[in-house]
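Listed below are the residues making up each chain.
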Amino acid sequence: MNDAVAELILGSAEEEAVLISGSTKDSVRRKVSDVDDLVGPSFARAKPSSSTDALDKDAEKRLGYNRKVYSRMRAYGELLLSNKDSKTARAAAADFELQW
């Protein structure tokens, strides 16, 4: 897994979430942090118990990336759904999926 590519993907998603939700970058990041704090224990329980060889380290790295993606997508979805009627929220979510 390439860390630079992973960060590029996550950064692109954040930029689109800011643009489409109309929120500030700080409020988007705060929402992501709140969601990450909420789901963190679930991902911690799924963590491999031993990471002594390269395979285990790679699995742990993927789990960390999965957590970042999940936390962000859940937070962005919550932002898009807040303070909007269902039709507008669906349109915003579809726009996000297309732009990202």
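Calculation notes
- Residue positions within a chain follow its written sequence, with the count starting from 1.
- Local features are withheld for residues below a pLDDT of 70 in this predicted model, meaning they are given only at 70 or higher, and side-chain atom pairs are given and counted only at 80 or more; totals for whole chains, interfaces and linings count all residues.
- No hydrogens and no water enter the side-chain calculation; it runs on all heavy atoms of the structure.
- A run of H or I in DSSP counts as a helix once it spans at least four residues, and a run of E counts as a strand once it spans at least two, with each numbered from the N terminus.
- We call two N or O atoms a polar contact when they sit within 3.5 Å, provided that within protein one can donate a hydrogen and the other can accept it, with sequence-adjacent residues counted only if both atoms are side-chain atoms.
- Contacts: residue pairs with any heavy atoms within 4.5 Å of one another.
- Stacked, tilted and edge-to-face are the three classes applied to pairs of Phe, Tyr and Trp rings, where Trp contributes its six-membered ring and a pair requires centres within 6.5 Å; stacked means planes under 30 degrees apart, edge-to-face means over 60, and tilted covers the rest.
- With a 1.4 Å probe rolled over the protein chains alone, any residue whose accessible area is under 20% of its type maximum counts as buried; one over 50% counts as exposed, and the rest are partly exposed.
- Every residue gets a pLDDT, meaning the predictor's confidence in that residue, from 0 to 100.

Peer 1: Mind showing me how you'd approach the side chain of Ser-71 here?
Peer 2: Along the polypeptide, Ser-71 turns up in helix H3 (residues 54-81). At 2.9 Å, the side chain of Ser-71 and the side chain of Asp-36 are in polar contact. Residues within four places of Ser-71 in sequence aside, it is in contact with Val-32, Val-35, Asp-36 and Val-39.

Peer 1: Honestly, the packing of aromatic side chains in this entry has me stumped. Any pointers?
Peer 2: What describes a pair of aromatic rings is the distance from one ring centre to the other and the angle between the planes of the rings. Here the structure, examined in full by the defined rule, presents one aromatic pair. Here the aromatic rings of Phe-43 and Tyr-70 are separated by 6.1 Å at their centres, their planes lie at 45°, and the arrangement is tilted. Residue Phe-43 is located in helix H2 (residues 25-46), and its partner Tyr-70 is located in helix H3; the two are separated by 27 residues in the primary sequence. Assessed through its relative accessible area of 17%, Phe-43 is described here as buried. When its relative accessible area of 40% is taken as the criterion, Tyr-70 is described as partly exposed.

Peer 1: What am I meant to see in the confidence of the model for the protein chain here?
Peer 2: Segments scoring low in pLDDT should not have their predicted coordinates read at a detailed level. Counting all residues, the mean pLDDT for the protein chain is 84, and 87% of those residues have values of 70 or more. Per-element averaging of pLDDT across the protein chain places helix H4 (residues 86-99) at the bottom with 75 and H2 at the top with 93.

Peer 1: Looking at this structure, how should I read the environment of Ala-44?
Peer 2: Among the structural elements, Ala-44 can be located in helix H2. Judged by relative accessible area, Ala-44 falls into the partly exposed class, the value being 49%. Linking Ala-44 and Arg-67, residues 23 residues apart in sequence, is a C-alpha distance of 9.5 Å.

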